[in-house]
Each structure stands twice: as C-alpha cells, then as structure tokens.
Amino acid sequence: MRKFITWLLIALLSLPCVAFAESAATAASTAVNGAEAVRTATDLYFAIPSGDRQMLVRVPLSGGEAICLDRADSIDGLIAYEGGAAYLKTTEGSSAIMQCSGNEVSTVYSFGADEATNLSSYGGKFLVLLDGLLHSVEPGSQVCLKLSGAQMLDYVLGEGCAYFLSAGDRMEYNAQLEAGQTASAQAGCVYRLDLNSGETTLLLKSGGRDLKLDGHQLYFHNLADAYAVRSADSAELLGRVYSLDVQLKTLNGECTEPDSGFWPTEKGLVVWYNAALNLSSEAGTLALYAPENGATVLSDGASLFVWESGKQTLTEVSLTGDASVLYTGDLTQAKDASLIVPESTPEPSPSATASDTDSQGNNAWFDQFLENKDLVSGSSSGAGSAPKATPIGQSTPTPRPVVTVAPSAGAGSSTSGSGSSGSSSGSSSSGSSSGGSTPGSSYSVSISYLKITGNSVNIRSKAGTSGSILGSVVKGTVLPCKGVAAKDSSGMVWYKVGFGGGTGWVSSKYASKTSAPGSSYTGPEVGASGDYIKTEGSVNVRTSPNLNASSLGTAPKGTTLTFLGKTSTDARGVKWYKVSFNGSTGWVSSRYTEITYGSSGSGSSSGNYVKAVGGSVTIRSSANKSSASLGYIPEGKTGTYQGKTSTDSRGVKWYKVSYNGVTGWVSSRYAQLTNTASSSSSGSSSSGSSSSGSKVQASGGSVTIRAKANKTSDKLGYMAEGKTATYLGKSSTDSRGVKWYYISYNGVTGWVSSMYSKLV
C-alpha cells in the first residue's frame, strides 16, 4: 500500500509540468490580465474606495440604480467571466476568487489564510500569486498548481509567458533631500517566465513597479528614474513611466512628468499628469479629460471611467476625448445587493434552451471549494518556501513545478455514471449524460438558426469560455445552427454554429432560436478601423453584403479599394467590407480581401501632398515613433510631400513632408498621399472691445487648445490650470457668443475658450 501511495505522489508531482505546457501551447491567445473595470453587454463592474476598504459596484449600462455587490479589504483583478466578472477578494487575512453576474455573487475558490494577489486568466485557468509564488487554479477541479518557485512582487501574462518583477533580487533606491529628508523605495528587476518550459530569463536590471502589458510593450514605473513626493514630515520615492519592448529589447521613457497612474489602451498609452488624462500615440499627445483631485480612474482598455466623489459622477471618457456621464449620485452609498429581493422566475418550459436559466444542481463544485479552504497551505507543497536571491545578471534557477492536491470531498476519487455518449473529464459526477448533462459532451438539438441577443458576442473554438475566440458578432446577427449543443462545466448550454466559413460555439445566454433568414439577409452595419481594402483574388463588388446581391463589377487581384469603415456579417457568418468602387458604394467579401492602413499601395508612391486623416499627426525627425517630435499637421491639413517614403521595424510606412517650415516624417497610419492641397486656415478674428494683454492663462481647469475657434473643432493639445500661453493678438466669437483667444503654447498654436481662460 505504501509503495502504491509513493507512485501516486510521483505521478501527481509530474502532472503540472505536462498539463500546463499543453494548455500554454494551445491557448496562448487566451491570456487575460486582471483589469480595473469590466464591461459586459448589460453592466459595468468596477471597484472604488470606501473609507479604508473597497466596494465592488455594478452600474447598469441601460440606466438605473447602482448596486454594491461586495465589500472587502481589497478587491482587484477583474476579469470577464461567464457573462459577468470574476475578481479577487481579501478580507481579514482570507482570500478568495469570486464570481458575480447581475446581483448574484458566489465563491469560486477559497485560499484560506494564504495571501492571494494579482488575479489573471490563462487557457481557462485562474492564475494568482500566493504569498508571492505563481499558482494555477482550474475552475471545477480540486487541484491548485504551483507553477514557479520564483518570488514575485508583480506579474502580467503575455503570449506563452509571464513577465514579473522579482522579489528574490529586489533593488533598493535612496535619495537625499533637503532639510535632512531621505526617500527610499524597493523595486524588482524584470524577468520573463516561459509557461511551457518553466525557464526564467532576466530582461532588465532596473527596479520596476506596477507592470502592465500591451502587445509586446511592457509598461512600468522605473525607479532608476525616480522623483520624490514630499510632505511636511515624510517623502516618497516614485518612478516615471517607461516601456520595454520585449521583442526588440529597447527601453523608452514614456512620460517625463510625475504621474498619478497610467493605462495602456487600444489607441495608445494614457498617463495622468499635469492635472489631465493624456493619450500618447503616433499622432501625438491629446488631453482627454481633467479629473478632480483624488478621483478614481479605471480602464477596460477601450475607455476610461472616472469616478469623482466631489461631483458625484461616473464619467466614461472615450479615447477621442469625448466624455459622457454614466451615473450621477453617491456610489459609496449604493444599495447592497443583499438587500434586494430577487424577482420570482417562472419555471422554464422544456426546450432546447431551457438550461439557460436552469443552473440548479450544476454548481456542486462551489460547495466543494468552500470545504477545502486550506488547499495550498500544506507543508509538503513548499508553497511558503522562498527561493534564494539571484545575483543581478544571472538567471533565476528553473524550479520544478509542485502540485498540491486537496482532500477528496467524497468517498472516492470519482463515481461512475451511465453515459449514452462522450466521457466526462476532470472530477466526475454520477448521473446520466443523455441530453448533454455531462460537461463537454455534445447532443442533438432541433434548431436551424440562432439570433444573437447580446451587444457583442464572442464565437469560440469549443463549448465554454476556455475556448479561444474566433471572432465576435453584433446583436441581431443570425447564424446557422449545426444541430449540436453541449454544456460547459458550469452547466451553461453552448450551440455549434456556422461562422466565418467554418464552425464555432456560442453561449445560449446570448442567442435564441429564430426562423430561417431570407437569402438576402445581412447583419447590422458596425464600425471598423482601416484605410483600404486590398483584394487577394478577383472579387465581385456587390450592392449589398450577401452573395445574392447584384454585382457592380469585378475588382482584379491586387486592387486597393477605399474602405468606408463599415462591416456586416451575412447569414453564413462571413464578414463583408463596405468600399468605394467606380464612383459607387458596394461590398466585398472578407474571404478574398484584407484591411490595410496608410498608402493605397498602388506600386509607386505618388502625390504632391500628404494629408493628415487620422487626427493631428506628429512630424518626427526620423521615420519611427520614438524619434523626436518637430511639430504636427492638424487633421485635414496638408504638407508638401518630399517624394520619399520609409518603412519602420513594424512594417509601418512613413512619408517625408514639409509643413510650416518644418521638414520631417509622418506615419501613414494617420496621413495619406493626395494631389490636392488643403486651403489655409484662418479664424474669423476680431479685435474685441477690450482684448489686451500679452498672455492667456488657463483659469477654469485644464483648457483644450483647438484648431478653430469653436468647441467642435479638432483638439490640438491642452493647457493645464494656472499655466500661461503667448497671446497672438487675435480673438474670435463663436455662434454661441463665446470669445476665443488665439495662442501659442509649448509649440502648439490654436484657440482656447474664454470660458476657461483669461487675458493677463
């Protein structure tokens, strides 16, 4: 018997290295780092301070009352999960992974007294730091895996790897200040952990804090370039924002000013400094919003959400600078979800979609987790042992992953059940699998078409959120059902559908049975980014986005068509692009085309001018985004093309231009060649009855500098409150009767409103 137990332990110890290597190889694209806010089709979930604690708040996107779902010492690492969100909660020394959807909150996994931080998701598994060591938890199982013996201060997930700040060889920084003050801080060197092999590599011998990842750009506060924040009796040492290109191994300073936070987004890096949220991208720097002091700023990567307790407003700030109030009221006084009496739900009628609401009996593993709170606290796991510090410049020794197995919740490791088809993996449960009751097994349904009921619904490679995302479809899209359904580990029903010329799976939570669409059915038009559509074969341009529409003509292989920024999905799930063709508007299938940016790619670069088309575009000293800024071309204006192009390391084309006496390079992502010069801009200026003074001062908060004297014109930059600009002697009055001043500030020339500025 003892020999059997010994062999069993050996088998379990070898399990994590193999199992996780497989998931890393097949699910590299499913790495999700914990965010500060999660937006679903119906709700926005986020955490805000409440005294010395935090509260999790749900705000319905359609309007209505804000609800407090949870309160804890710490709430962080929100992840989109099962139609709602998962998050990490710590209260009175106990940590747990929680799940929320609507007003319902439940425990997914409890860690007991182990300190858990930094929740993320990888290949359908949750990853956390337990006492500084990286662990993996698979929902629905009874196993917690220790993936690395490296002590970590912080980590983020990349493609097949984790980047982390090492606690084993952390660095200490000190600064001597005036009046005998000393500021000091500790920070970790940057490493990469390969999730397949366990190999650890040193990337940067510089102390970092606050890791965030966007593609191959790793952002952090660099303590090697630190500044001190002083108070009457103390001082704190903080680092400026830097980025490390993990592919090219280049280090760049992103912000030379002290900041209050930073957020990588879809359109660039947002940094809170000089009293405003500033977006930095290839097009230059744009001031998005000026939050009040002490505001809570959150991001889901697509927008910023600003909670200002003084104004008692929650504002969504887009990456173009547009701001809209989502909620007005004191969020810290939001009603607790526990005080809301749920409405009675009618008994679902037997049908193929009845299990949308019938989750009873499928959540037994929640109870099993609650019974095993000390899952990873056993001394045999080595979870609490700290590896020796690694000298700077050497690689951390590769640890052997260790597995910790929870006590069995039942009398045996599994119980048998009669199944008519398929087999269940993981912890089995008894019962018949007919009708798809066994997670993962498929069964037949009599459904021909499904209509998408969610706003933006993912199509996945398999039944469950662990499947990789093949694409997404908008509300109202009709997809052909392949007559097959399956349940995931939580009991949610998924349907197999035709999508993009192949097949995928969609959750029944966001789809319903519908009648067959007509042959000319097309989905709603949705926005998309890109400048041109390039044909990969000879392709018909049709009047509508479907095969039955009449043809406007044929575009030969290699033709470049102007993309009109709209897509639509037909009844087969194939995407179509809206284009300009021979003076008409038509549609081409994505099966034979692709979106491109910048130049139309007509062989040789032709045109006499370069026009800014994606906002104000920065003129740089060299053909790359890290070179010095020489000036800018406002959107819609043209510079003289110097007949030269260059392509940077990312494959982006740059044009050499001359504009307002400045010669440099502009990115093709925000500019295009043209044969027509723009007309010169001049504001309708007037002397004004009492316009006097040589300076204009921002007096009502940060003021936006605009291209013209009206509030709808292009934003060129901003001037922080209290700062002054050179007044250029012109003023103008807009249609509302508001006066504007023509100024020059930090190399930017434009107009500022007298509502937020004054002559001095």
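Residues numbered from 1 in each chain as written. Predicted model: local features only at pLDDT ≥ 70, side-chain atom pairs only at ≥ 80, totals over all residues. Heavy atoms only, no water.

Observations concerning the sheet that holds strand β27 (residues 304-308)
In spatial order, the strands read β26-β27-β28-β29; together these four strands make up an open sheet with antiparallel pairing. Each having just a single partner strand, β26 (296-299) and β29 (323-328) make up the two edges of the open sheet. In this sheet, adjacent strand axes meet at a mean angle of 25 degrees when their direction is disregarded. In this sheet, β29 lies alongside strand β28 (residues 313-317) in antiparallel orientation, the contact comprising five bridges. The residue bridging Thr-315 from the neighbouring strand is Val-325, located in β29. (Pairing = 2+ DSSP bridges. Helix = DSSP H or I, 4+ residues; strand = E, 2+ residues; numbered from the N terminus. Axes fitted to C-alpha atoms, helices over the stretch in contact; angles between N-to-C directions.)

A short note on the confidence of the model for the protein chain
When the pLDDT values of the protein chain are averaged, the result is 74; 74% of them are 70 or greater. Segment residues 1-29: pLDDT under 50, and 35 contacts once partners within four positions in sequence are set aside and those in other chains are kept. Below pLDDT 50 for its whole length, residues 680-691 participates in 19 contacts with residues either more than four positions away or in separate chains. (pLDDT = per-residue confidence, 0-100. Contact = heavy atoms within 4.5 Å.)

Let's talk about the pattern of salt bridges
In total, this model carries nine salt bridges according to the counting rule given. In this structure, the salt-bridge partner of Asp-225 is Arg-240, at a minimum N-O distance of 3.3 Å. Of this pair, Asp-225 sits in strand β19 (residues 217-230) while Arg-240 sits in strand β20 (residues 235-245), and the two are 15 residues apart along the sequence. Given the relative accessible area of 17%, Arg-240 is considered buried. (Salt bridge = Lys/Arg side-chain N within 4 Å of Asp/Glu carboxyl O. Buried < 20%, exposed > 50% of the residue type's maximum accessible area, 1.4 Å probe, protein only.)

Some words on the sheet that holds strand β23 (residues 268-273)
What the four strands build is an open sheet, ordered β22-β23-β24-β25; its pairing is antiparallel. Strands at the two margins of the open sheet, each flanked by one partner only, are β22 (262-265) and β25 (284-289). Mean inter-strand twist for the sheet, computed between neighbouring axes without regard to direction, equals 25 degrees. Pairing of strand β24 (residues 276-281) with β25 involves five bridges; the strand directions are antiparallel.

Remarks on the pairing of β26
Of the two faces of β26, the one carrying Thr-296 and Leu-298 and the one carrying Val-297 and Ser-299 are both buried. Relative to β27, β26 is paired through four bridges, and the arrangement is antiparallel. Residue Val-297 lies in a different strand from β27, and its bridge partner there is Val-306. Counting the residues in the hairpin turn of β26 and β27 gives four residues, including Gly-301, whose phi is positive at 95 degrees.

A short note on the nonpolar core
Judged by nonpolar contacts, the single largest core of 25 residues is most densely connected at Leu-127, Leu-134, Met-152, Tyr-155, Leu-157, Phe-164 and Leu-193. Contributing elements (two or more residues each) for this core: β11 (125-130), β14 (152-157), β15 (161-166), β16 (171-176) and β17 (182-194). No other element matches β17, which puts six residues into this core. In this structure Leu-193 touches Leu-134, Ser-148, Met-152, Gly-160, Cys-161, Ala-162, Phe-164, Gly-198, Glu-199 and Thr-200, once residues within four positions along its chain are discounted. (Core = buried A, V, L, I, M, F, W, Y, C linked by side-chain atoms within 4.5 Å.)

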